[in-house]
Amino acid sequence: MKGTNLGEFEELVLLTIAALLEEAYSVSICDEIQKVSGREVKLSVVHAVLNRLEKKGFVNSHLGEPTSERGGRRKRFFTVTHAGKVALTKIKEQRDQLWSVIPEFKLNFI
């Protein structure tokens, strides 16, 4: 199927959704990626990636209940689909295979 490969940031977002379980919504995803990676993440970029992942069939979304903390607005929560789990597993296996064939090396620091 066309467009089912994952880019590096798509993979990071998908892994974050899997890690956050029921608390995976756009702001919590941004916060977790920033916490883990130390890189600044724009909410608009995460929204674009979430839309792509949903179109690819790797995530599903649903609206939560309105909350007073958000002025009655509802959060859109994301979950990893079976296809998303398969894609993540495949990527991990590929990375593990490549790491296993790298000869030991030492980093020399000056």
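Quick caveat, the model's predicted, so the values are computed rather than measured.

Trainee: I would appreciate a short explanation of the pattern of salt bridges in the present structure.
Mentor: Pairing of side chains with opposite charge becomes possible as their charged atoms draw close. Scanning all chains against the criterion turns up 6 salt bridges. For Glu10, the salt bridge goes to Arg52, with nearest N and O atoms at 2.8 Å. Highlighted residues: Glu10 in helix H1 (residues 8-20) and Arg52 in helix H3 (residues 43-56), separated in sequence by 42 residues. One salt bridge in this structure joins Glu10 and Lys56, with 3.0 Å as the shortest N-O distance. Pair noted here: Glu10 is in helix H1 and Lys56 is in helix H3, with a separation of 46 residues, a long-range link. In this pair, the class of Glu10 matches that of Lys56, namely buried. A single salt-bridge network, built from bridges that share partners, covers Glu10, Arg52 and Lys56.

Trainee: Please explain unusual backbone geometry as it appears in this structure.
Mentor: Leaving glycine out, the prevailing phi sign among residues is negative, and the prevailing peptide bond configuration is trans. If you check the backbone angles, Leu21 has positive phi at about 55° while not being a glycine. Within the fold, Leu21 resides in the loop between H1 and helix H2 (26-37). Classification of Leu21 by relative accessible area gives exposed; the value is 53%.

Procedures and definitions
Residues numbered from 1 in each chain as written. Predicted model: local features only at pLDDT ≥ 70, side-chain atom pairs only at ≥ 80, totals over all residues. Heavy atoms only, no water. Salt bridge = Lys/Arg side-chain N within 4 Å of Asp/Glu carboxyl O. Helix = DSSP H or I, 4+ residues; strand = E, 2+ residues; numbered from the N terminus. Buried < 20%, exposed > 50% of the residue type's maximum accessible area, 1.4 Å probe, protein only.

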